[in-house]
Amino acid sequence: METVRPTAEGVTTVKLKEVRAFGTRAAEAPLESLSINRRKPAAHDVEIDILYCGVCHSDLHTARNEWHGTVYPCVPGHEIVGKVVSVGDHVKKFKAGDLAAVGCMVDSCRECDYCKEGLEQYCEEGNTGTYNSPDSHLGSHTFGGYSESIVVNEGFVLRVPENLDLAATAPLLCAGITTYSPLKHWKVGPGKKVGIVGIGGLGHMAVKIAKAMGANVTVFTTSQSKFEDAKRLGADEVVLSTDKEQMNQFRGKLHFILDAVSAQHNINTYLNLLRVDGSLVLVGAPEHPLPVAAFSLIPYRRSFAGSLIGGIAETQEMLDFCGKHNIVADIEMISMDQVNEAYERLLKGDVKYRFVIDMASLKT
Ligand SMILES: [Zn+2]
Ligand SMILES: [Zn+2]
(Lines give C-alpha, C1' and ligand atoms only; values in the text may rest on other atoms or scores of the structure.)
(Ligands and ions follow the chains in the order given, each with its own letter.)
Protein backbone atom coordinates (compact mmCIF):
# COMPACT_ATOMS: atom_id res chain seq x y z
CA MET A 1 0.00 0.00 0.00
CA GLU A 2 1.30 3.45 -0.84
CA THR A 3 0.24 7.02 -1.44
CA VAL A 4 1.66 9.59 -3.87
CA ARG A 5 2.41 12.97 -2.34
CA PRO A 6 3.72 16.27 -3.72
CA THR A 7 6.68 17.53 -1.64
CA ALA A 8 9.36 20.21 -1.99
CA GLU A 9 11.53 17.65 -3.83
CA GLY A 10 8.80 16.74 -6.31
CA VAL A 11 6.24 13.97 -6.23
CA THR A 12 7.17 11.26 -3.74
CA THR A 13 5.75 7.85 -3.02
CA VAL A 14 5.13 7.15 0.66
CA LYS A 15 4.71 3.51 1.68
CA LEU A 16 1.90 2.87 4.13
CA LYS A 17 1.13 0.37 6.85
CA GLU A 18 -2.34 -0.19 8.26
CA VAL A 19 -2.47 -0.33 12.07
CA ARG A 20 -5.17 -0.76 14.71
CA ALA A 21 -6.23 2.32 16.66
CA PHE A 22 -9.01 3.61 18.89
CA GLY A 23 -10.73 6.89 18.18
CA THR A 24 -13.91 8.67 17.31
CA ARG A 25 -15.68 9.60 14.06
CA ALA A 26 -17.76 12.48 15.47
CA ALA A 27 -17.88 14.80 18.50
CA GLU A 28 -20.88 13.01 20.01
CA ALA A 29 -19.71 9.49 19.17
CA PRO A 30 -17.89 7.25 21.66
CA LEU A 31 -14.37 6.09 20.92
CA GLU A 32 -14.24 2.80 19.05
CA SER A 33 -11.90 0.53 17.19
CA LEU A 34 -10.57 2.04 13.93
CA SER A 35 -7.85 1.25 11.47
CA ILE A 36 -5.48 4.00 10.36
CA ASN A 37 -2.46 4.33 8.09
CA ARG A 38 1.05 5.00 9.33
CA ARG A 39 3.89 5.79 6.92
CA LYS A 40 6.69 3.23 6.63
CA PRO A 41 9.80 4.76 8.28
CA ALA A 42 11.71 7.15 6.01
CA ALA A 43 15.47 7.85 6.44
CA HIS A 44 15.08 9.88 9.67
CA ASP A 45 12.04 8.11 11.13
CA VAL A 46 11.64 5.88 14.16
CA GLU A 47 8.85 3.29 14.26
CA ILE A 48 7.63 2.67 17.80
CA ASP A 49 5.49 -0.19 19.07
CA ILE A 50 3.30 1.62 21.64
CA LEU A 51 3.16 -0.16 25.01
CA TYR A 52 1.38 2.48 27.12
CA CYS A 53 -0.41 5.74 26.48
CA GLY A 54 -1.59 8.22 29.14
CA VAL A 55 -5.05 9.81 29.02
CA CYS A 56 -4.78 13.61 29.08
CA HIS A 57 -7.72 15.98 29.48
CA SER A 58 -6.78 17.44 26.06
CA ASP A 59 -7.60 14.04 24.53
CA LEU A 60 -11.17 14.39 25.75
CA HIS A 61 -11.47 18.05 24.69
CA THR A 62 -10.24 17.17 21.19
CA ALA A 63 -12.26 13.95 20.76
CA ARG A 64 -15.42 15.91 21.64
CA ASN A 65 -14.45 19.00 19.59
CA GLU A 66 -14.65 21.19 22.69
CA TRP A 67 -11.78 23.38 21.44
CA HIS A 68 -13.28 23.33 17.92
CA GLY A 69 -11.27 22.40 14.84
CA THR A 70 -11.19 18.65 15.46
CA VAL A 71 -10.82 16.68 12.22
CA TYR A 72 -12.44 13.24 12.21
CA PRO A 73 -11.67 10.46 12.56
CA CYS A 74 -9.78 11.55 15.67
CA VAL A 75 -7.25 9.29 17.41
CA PRO A 76 -6.06 11.04 20.61
CA GLY A 77 -3.10 10.26 22.87
CA HIS A 78 0.13 12.22 23.42
CA GLU A 79 1.71 10.50 26.40
CA ILE A 80 3.34 7.66 24.49
CA VAL A 81 5.95 5.14 25.60
CA GLY A 82 7.03 2.02 23.80
CA LYS A 83 9.78 0.06 22.09
CA VAL A 84 11.54 0.90 18.85
CA VAL A 85 10.69 -1.68 16.16
CA SER A 86 12.62 -0.25 13.23
CA VAL A 87 14.51 2.89 12.23
CA GLY A 88 15.32 4.67 8.97
CA ASP A 89 18.79 4.43 7.39
CA HIS A 90 20.00 7.77 8.77
CA VAL A 91 18.77 7.37 12.35
CA LYS A 92 21.67 7.50 14.84
CA LYS A 93 19.96 8.03 18.21
CA PHE A 94 17.81 4.88 18.27
CA LYS A 95 17.93 1.23 17.31
CA ALA A 96 15.39 -1.59 17.36
CA GLY A 97 14.67 -2.72 20.93
CA ASP A 98 15.32 0.68 22.59
CA LEU A 99 12.72 2.25 24.85
CA ALA A 100 11.34 5.44 23.35
CA ALA A 101 8.72 8.09 24.07
CA VAL A 102 6.72 10.68 22.18
CA GLY A 103 4.94 13.65 23.75
CA CYS A 104 2.64 16.38 22.47
CA MET A 105 4.57 17.27 19.30
CA VAL A 106 5.87 15.23 16.36
CA ASP A 107 7.39 18.07 14.31
CA SER A 108 7.84 21.83 13.89
CA CYS A 109 9.36 24.13 11.23
CA ARG A 110 12.85 23.76 12.84
CA GLU A 111 13.94 27.07 11.26
CA CYS A 112 12.25 29.88 13.15
CA ASP A 113 13.93 31.62 16.11
CA TYR A 114 11.90 29.62 18.63
CA CYS A 115 12.69 26.25 17.05
CA LYS A 116 16.39 27.15 16.97
CA GLU A 117 16.22 28.03 20.68
CA GLY A 118 14.63 24.68 21.54
CA LEU A 119 11.20 26.22 22.05
CA GLU A 120 9.48 24.11 19.38
CA GLN A 121 6.21 24.30 21.30
CA TYR A 122 6.05 28.00 20.38
CA CYS A 123 7.11 27.48 16.72
CA GLU A 124 6.10 30.47 14.57
CA GLU A 125 4.55 28.10 12.03
CA GLY A 126 2.76 26.25 14.81
CA ASN A 127 4.12 22.92 16.07
CA THR A 128 2.78 19.70 14.61
CA GLY A 129 0.68 18.14 17.34
CA THR A 130 0.89 14.39 17.87
CA TYR A 131 -2.80 14.27 16.94
CA ASN A 132 -5.21 16.51 15.04
CA SER A 133 -2.48 18.48 13.20
CA PRO A 134 -1.84 18.57 9.43
CA ASP A 135 0.34 15.57 8.49
CA SER A 136 2.99 16.74 6.01
CA HIS A 137 3.87 13.13 5.13
CA LEU A 138 0.44 11.70 4.38
CA GLY A 139 -1.53 14.83 3.59
CA SER A 140 -4.28 14.09 6.09
CA HIS A 141 -3.98 14.81 9.83
CA THR A 142 -1.89 13.24 12.58
CA PHE A 143 -3.13 10.34 14.70
CA GLY A 144 -2.07 9.97 18.33
CA GLY A 145 -1.06 7.25 20.73
CA TYR A 146 -4.29 5.29 21.12
CA SER A 147 -2.84 2.96 18.51
CA GLU A 148 -0.56 -0.03 18.03
CA SER A 149 2.37 1.94 16.70
CA ILE A 150 3.54 5.36 15.58
CA VAL A 151 6.22 6.65 13.19
CA VAL A 152 7.99 9.86 14.23
CA ASN A 153 11.04 11.79 13.02
CA GLU A 154 13.95 11.00 15.36
CA GLY A 155 14.25 14.69 16.30
CA PHE A 156 10.96 14.39 18.19
CA VAL A 157 11.53 10.99 19.81
CA LEU A 158 12.70 10.93 23.44
CA ARG A 159 14.86 8.49 25.36
CA VAL A 160 13.29 6.85 28.43
CA PRO A 161 15.29 6.22 31.64
CA GLU A 162 15.54 2.44 32.13
CA ASN A 163 14.98 2.57 35.91
CA LEU A 164 11.42 3.96 35.80
CA ASP A 165 8.18 1.99 35.69
CA LEU A 166 7.29 2.27 32.02
CA ALA A 167 3.50 2.62 32.31
CA ALA A 168 3.82 5.31 35.01
CA THR A 169 6.39 7.14 32.86
CA ALA A 170 3.85 7.80 30.06
CA PRO A 171 2.17 10.79 31.81
CA LEU A 172 5.53 12.53 32.12
CA LEU A 173 5.30 13.25 28.37
CA CYS A 174 2.52 15.80 28.87
CA ALA A 175 1.68 16.28 32.57
CA GLY A 176 5.37 16.02 33.52
CA ILE A 177 6.79 18.49 31.01
CA THR A 178 3.84 20.90 31.38
CA THR A 179 4.75 21.36 35.04
CA TYR A 180 8.55 20.90 34.81
CA SER A 181 9.00 23.63 32.19
CA PRO A 182 7.50 26.55 34.18
CA LEU A 183 9.07 25.34 37.46
CA LYS A 184 12.45 25.41 35.72
CA HIS A 185 11.85 28.66 33.82
CA TRP A 186 10.85 30.55 36.98
CA LYS A 187 13.86 29.10 38.82
CA VAL A 188 12.10 27.08 41.48
CA GLY A 189 14.63 25.50 43.82
CA PRO A 190 16.06 25.56 47.35
CA GLY A 191 14.95 28.56 49.40
CA LYS A 192 11.84 29.12 47.27
CA LYS A 193 8.32 28.83 48.66
CA VAL A 194 6.09 27.39 45.97
CA GLY A 195 2.32 26.98 45.82
CA ILE A 196 0.61 24.33 43.71
CA VAL A 197 -3.09 24.95 43.08
CA GLY A 198 -5.16 21.87 42.33
CA ILE A 199 -4.15 18.24 42.75
CA GLY A 200 -4.99 16.34 39.58
CA GLY A 201 -2.97 14.95 36.68
CA LEU A 202 -0.85 18.11 36.42
CA GLY A 203 -0.83 19.19 40.07
CA HIS A 204 0.36 15.87 41.47
CA MET A 205 3.32 15.90 39.06
CA ALA A 206 4.08 19.51 39.99
CA VAL A 207 4.32 18.62 43.69
CA LYS A 208 6.75 15.75 43.03
CA ILE A 209 8.93 17.78 40.66
CA ALA A 210 9.01 20.98 42.76
CA LYS A 211 10.01 18.91 45.82
CA ALA A 212 12.77 17.18 43.86
CA MET A 213 14.00 20.63 42.75
CA GLY A 214 14.43 21.46 46.45
CA ALA A 215 11.57 23.93 46.98
CA ASN A 216 9.24 24.22 49.95
CA VAL A 217 5.85 23.19 48.56
CA THR A 218 2.36 24.17 49.71
CA VAL A 219 -0.66 22.56 48.07
CA PHE A 220 -3.95 24.44 47.76
CA THR A 221 -7.04 22.30 47.36
CA THR A 222 -10.80 22.74 47.68
CA SER A 223 -11.10 19.21 49.00
CA GLN A 224 -10.20 18.14 52.54
CA SER A 225 -10.09 14.56 51.24
CA LYS A 226 -6.91 15.35 49.29
CA PHE A 227 -4.90 16.47 52.34
CA GLU A 228 -3.38 13.10 53.10
CA ASP A 229 -2.53 12.47 49.46
CA ALA A 230 -0.90 15.87 49.06
CA LYS A 231 1.38 15.06 52.01
CA ARG A 232 2.16 11.65 50.61
CA LEU A 233 3.11 13.24 47.29
CA GLY A 234 5.61 15.38 49.18
CA ALA A 235 3.82 18.63 50.09
CA ASP A 236 5.26 20.42 53.13
CA GLU A 237 1.94 22.09 53.84
CA VAL A 238 -1.63 21.72 52.62
CA VAL A 239 -4.21 24.53 52.64
CA LEU A 240 -7.97 24.28 52.24
CA SER A 241 -8.49 27.09 49.74
CA THR A 242 -12.10 27.66 50.79
CA ASP A 243 -10.97 28.51 54.34
CA LYS A 244 -10.26 32.27 54.51
CA GLU A 245 -8.24 32.04 57.69
CA GLN A 246 -5.91 29.37 56.29
CA MET A 247 -5.50 31.38 53.07
CA ASN A 248 -4.72 34.61 54.97
CA GLN A 249 -1.74 32.98 56.64
CA PHE A 250 -0.09 32.75 53.22
CA ARG A 251 -0.71 36.33 52.06
CA GLY A 252 2.47 37.72 50.49
CA LYS A 253 4.45 34.59 51.38
CA LEU A 254 5.04 32.66 48.12
CA HIS A 255 7.70 33.18 45.45
CA PHE A 256 5.87 31.21 42.80
CA ILE A 257 2.48 29.61 42.22
CA LEU A 258 1.64 27.01 39.59
CA ASP A 259 -2.10 26.98 38.93
CA ALA A 260 -3.27 23.68 37.42
CA VAL A 261 -7.00 24.23 37.85
CA SER A 262 -9.17 24.17 34.73
CA ALA A 263 -12.44 25.06 36.50
CA GLN A 264 -13.45 28.71 37.00
CA HIS A 265 -11.85 30.15 40.16
CA ASN A 266 -10.94 33.50 41.69
CA ILE A 267 -7.38 34.16 40.57
CA ASN A 268 -7.01 37.25 42.79
CA THR A 269 -7.18 35.06 45.89
CA TYR A 270 -4.00 33.36 44.71
CA LEU A 271 -2.22 36.45 43.31
CA ASN A 272 -2.50 37.92 46.81
CA LEU A 273 -0.39 35.06 48.18
CA LEU A 274 2.65 36.14 46.13
CA ARG A 275 5.64 38.04 47.54
CA VAL A 276 7.07 41.07 45.74
CA ASP A 277 8.20 39.94 42.24
CA GLY A 278 6.35 36.67 42.64
CA SER A 279 4.77 34.96 39.62
CA LEU A 280 1.59 33.00 39.18
CA VAL A 281 1.63 30.75 36.13
CA LEU A 282 -1.40 29.08 34.59
CA VAL A 283 -1.15 25.60 33.13
CA GLY A 284 -4.82 24.76 33.61
CA ALA A 285 -7.18 26.26 31.03
CA PRO A 286 -10.55 27.48 32.37
CA GLU A 287 -13.15 27.90 29.64
CA HIS A 288 -14.01 31.54 30.47
CA PRO A 289 -11.72 34.55 31.13
CA LEU A 290 -10.44 34.99 34.69
CA PRO A 291 -10.91 38.59 35.93
CA VAL A 292 -7.70 40.04 37.42
CA ALA A 293 -7.82 43.05 39.75
CA ALA A 294 -5.07 45.60 38.96
CA PHE A 295 -4.35 45.88 42.66
CA SER A 296 -3.65 42.18 42.89
CA LEU A 297 -0.57 42.92 40.72
CA ILE A 298 0.55 46.56 41.10
CA PRO A 299 1.52 46.98 44.75
CA TYR A 300 3.80 43.91 44.73
CA ARG A 301 5.16 44.03 41.16
CA ARG A 302 3.61 40.61 40.65
CA SER A 303 3.44 38.72 37.33
CA PHE A 304 0.61 36.64 35.95
CA ALA A 305 1.70 34.29 33.14
CA GLY A 306 1.02 31.07 31.26
CA SER A 307 3.15 28.20 29.97
CA LEU A 308 2.72 25.55 27.27
CA ILE A 309 4.35 22.08 27.57
CA GLY A 310 8.13 22.32 26.88
CA GLY A 311 10.64 22.00 24.03
CA ILE A 312 12.12 18.70 22.90
CA ALA A 313 15.52 19.15 24.61
CA GLU A 314 13.76 20.27 27.77
CA THR A 315 11.43 17.25 27.64
CA GLN A 316 14.50 14.99 27.49
CA GLU A 317 16.01 16.93 30.41
CA MET A 318 12.76 16.41 32.36
CA LEU A 319 12.79 12.64 31.66
CA ASP A 320 16.43 12.42 32.78
CA PHE A 321 15.61 14.47 35.90
CA CYS A 322 12.70 12.13 36.70
CA GLY A 323 14.98 9.12 36.12
CA LYS A 324 17.56 10.54 38.53
CA HIS A 325 14.97 11.38 41.21
CA ASN A 326 12.81 8.31 40.60
CA ILE A 327 9.72 10.33 39.74
CA VAL A 328 6.76 8.83 37.89
CA ALA A 329 3.03 9.57 37.85
CA ASP A 330 0.47 7.90 40.13
CA ILE A 331 -1.58 5.94 37.65
CA GLU A 332 -4.63 3.77 37.20
CA MET A 333 -4.14 1.30 34.37
CA ILE A 334 -7.06 0.67 32.02
CA SER A 335 -7.64 -1.42 28.93
CA MET A 336 -8.37 0.28 25.60
CA ASP A 337 -12.10 -0.49 25.70
CA GLN A 338 -12.43 1.23 29.10
CA VAL A 339 -11.45 4.60 27.68
CA ASN A 340 -15.01 5.96 27.26
CA GLU A 341 -15.76 5.16 30.89
CA ALA A 342 -12.42 6.71 31.86
CA TYR A 343 -13.40 9.96 30.10
CA GLU A 344 -16.58 10.14 32.19
CA ARG A 345 -14.58 9.59 35.37
CA LEU A 346 -12.03 12.19 34.26
CA LEU A 347 -14.84 14.75 34.04
CA LYS A 348 -15.66 14.06 37.68
CA GLY A 349 -12.02 14.22 38.75
CA ASP A 350 -12.35 10.57 39.72
CA VAL A 351 -8.81 9.35 39.03
CA LYS A 352 -5.63 9.17 41.08
CA TYR A 353 -4.06 10.77 39.15
CA ARG A 354 -3.71 9.65 35.56
CA PHE A 355 -5.31 6.91 33.49
CA VAL A 356 -2.81 4.96 31.41
CA ILE A 357 -3.95 2.61 28.67
CA ASP A 358 -2.25 -0.77 28.48
CA MET A 359 -1.89 -0.94 24.72
CA ALA A 360 -1.57 -4.74 24.78
CA SER A 361 -5.38 -4.63 25.17
CA LEU A 362 -5.70 -3.10 21.69
CA LYS A 363 -3.53 -5.72 20.09
CA THR A 364 -5.40 -8.79 21.31
ZN1 LIG B 1 -1.81 16.54 27.35
ZN1 LIG C 1 9.54 26.89 14.11
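Residues numbered from 1 in each chain as written. Chains lettered and ligands numbered in written order. Predicted model: local features only at pLDDT ≥ 70, side-chain atom pairs only at ≥ 80, totals over all residues. Heavy atoms only, no water.

A.B. asks: Is there a simple way to think about the packing of helix 4 (residues 175-185) against helix 9 (residues 312-325) in this case?
C.D. replies: Each pair of packed helices gets described by two things: the angle between the helix axes and the distance between those axes. Running from N to C, helix 4 and helix 9 point in directions that differ by 100 degrees, and their axes come no closer than 10 Å. By the angle between their directions, the pair helix 4 and helix 9 is classed as roughly perpendicular. Judged by residue contacts, Gly176, Ile177, Tyr180, Ser181 and Lys184 of helix 4 engage Glu314, Thr315, Glu317, Met318 and Phe321 from helix 9. For the contact of helix 4 with helix 9, the per-class residue count stands at four nonpolar, three polar and three charged. (Axes fitted to C-alpha atoms, helices over the stretch in contact; angles between N-to-C directions. Helix = DSSP H or I, 4+ residues; strand = E, 2+ residues; numbered from the N terminus. Parallel < 35°, antiparallel > 145°, perpendicular 65-115°, else oblique. Contact = heavy atoms within 4.5 Å. Nonpolar A, V, L, I, M, F, W, Y, C, P; charged D, E, K, R; others polar.)

A.B. asks: So what exactly am I meant to see when it comes to unusual backbone geometry here?
C.D. replies: As a rule of thumb, non-glycine residues mostly have phi less than zero, and peptide bonds are mostly trans rather than cis. Going from tyrosine 72 to proline 73, the amide bond is cis rather than trans, its omega being 0 degrees. The residue proline 73 is located in the loop between helix 1 (57-63) and strand 5 (80-87) in this model. Look at the link from lysine 352 to tyrosine 353: it is a cis peptide, with omega at -15 degrees. On the secondary structure map, tyrosine 353 appears in the loop between helix 10 (339-347) and strand 17 (354-358).

A.B. asks: Looking at this structure, I do not really get the environment of threonine 269. What am I missing?
C.D. replies: Relative to the assigned elements, threonine 269 resides in helix 8 (residues 267-271). A relative accessible area of 30% means that threonine 269 is categorised as partly exposed. Residues threonine 269 and arginine 354, spaced 85 residues apart in sequence, show a C-alpha to C-alpha distance of 28 Å. From its side chain, threonine 269 meets the backbone oxygen of asparagine 266 in a polar contact 3.0 Å long. (Buried < 20%, exposed > 50% of the residue type's maximum accessible area, 1.4 Å probe, protein only. Polar contact = N/O pair within 3.5 Å; in protein donor to acceptor, adjacent residues only side chain to side chain.)

A.B. asks: How should helix 5 (residues 201-212) be read in this particular structure?
C.D. replies: For helix 5, which comprises 12 residues, the first-to-last C-alpha distance of 17 Å matches the rise-based estimate of 16 Å (1.5 Å per residue) to within 8%. Most of helix 5 is tucked away: 10 of the 12 residues are buried. Every buried residue of helix 5 is listed here: Gly201, Leu202, Gly203, His204, Met205, Ala206, Val207, Lys208, Ile209 and Ala210. Following helix 5 by one or two positions, glycine 214 has its phi on the positive side, about 100 degrees. (Expected span 1.5 Å × (residues − 1).)

A.B. asks: For this particular structure, what's the right way to read the coordination of the zinc ion (ligand 1)?
C.D. replies: Each angle at a metal carrying four tetrahedral donors should ideally be 109.5 degrees, and each at a metal carrying six octahedral donors should ideally be 90 or 180 degrees. Protein-derived coordination of the zinc ion (ligand 1) comes from Cys56 (SG), His78 (NE2) and Cys174 (SG), at a distance range of 2.0 to 2.2 Å. One chain supplies every donor for the zinc ion (ligand 1), spaced along it as C-x21-H-x95-C. Here the residue cysteine 56 occupies a position in the loop between strand 4 (45-55) and helix 1, and histidine 78 occupies one in the loop between helix 1 and strand 5, the gap between them amounting to 22 residues. Of the two residues examined, cysteine 56 and histidine 78, each falls in the buried class. (Donors = N, O, S within 2.8 Å, 3.2 Å for Na, K, Ca; no water.)

A.B. asks: I tried to follow the pairing of strand 4 on my own but got confused; where do I start?
C.D. replies: Looking along a regular strand, one sees side chains alternate from face to face of the sheet. Within strand 4, nine of the 11 residues are buried, which leaves it mostly tucked inside the rest of the structure. In this sheet, strand 9 (residues 149-153) lies alongside strand 4 in antiparallel orientation, the contact comprising five bridges. Residue pairing across strands places aspartate 45 opposite asparagine 153, the latter belonging to strand 9. Strand direction decides the pairing type here: strand 4 and strand 5, joined by seven bridges, are antiparallel. Bridge pairing in strand 5 links cysteine 53 to isoleucine 80. (Pairing = 2+ DSSP bridges.)

A.B. asks: Could you clarify how one ought to interpret the packing of aromatic side chains in this entry?
C.D. replies: Working definition: an aromatic ring pair is given by the centre-to-centre distance plus the angle between the planes. Counted according to the given criterion, the structure contains four aromatic pairs. Taking 5.8 Å as the distance between ring centres and 80 degrees as the angle between the ring planes, the aromatic pair formed by phenylalanine 220 and phenylalanine 250 counts as edge-to-face. Here phenylalanine 220, found in strand 11 (residues 216-221), pairs with phenylalanine 250, found in the loop between helix 7 (244-248) and strand 13 (254-259); they are 30 residues apart in sequence, far enough to count as distant. Like phenylalanine 220, the residue phenylalanine 250 is buried in the burial classification. One residue, arginine 302, lies across the ring of tyrosine 300, its end atom 3.8 Å from the ring centre. (Phe/Tyr/Trp six-rings, centres within 6.5 Å; stacked < 30°, edge-to-face > 60°. Lys NZ or Arg CZ within 6 Å of the ring centre and 35° of its normal.)

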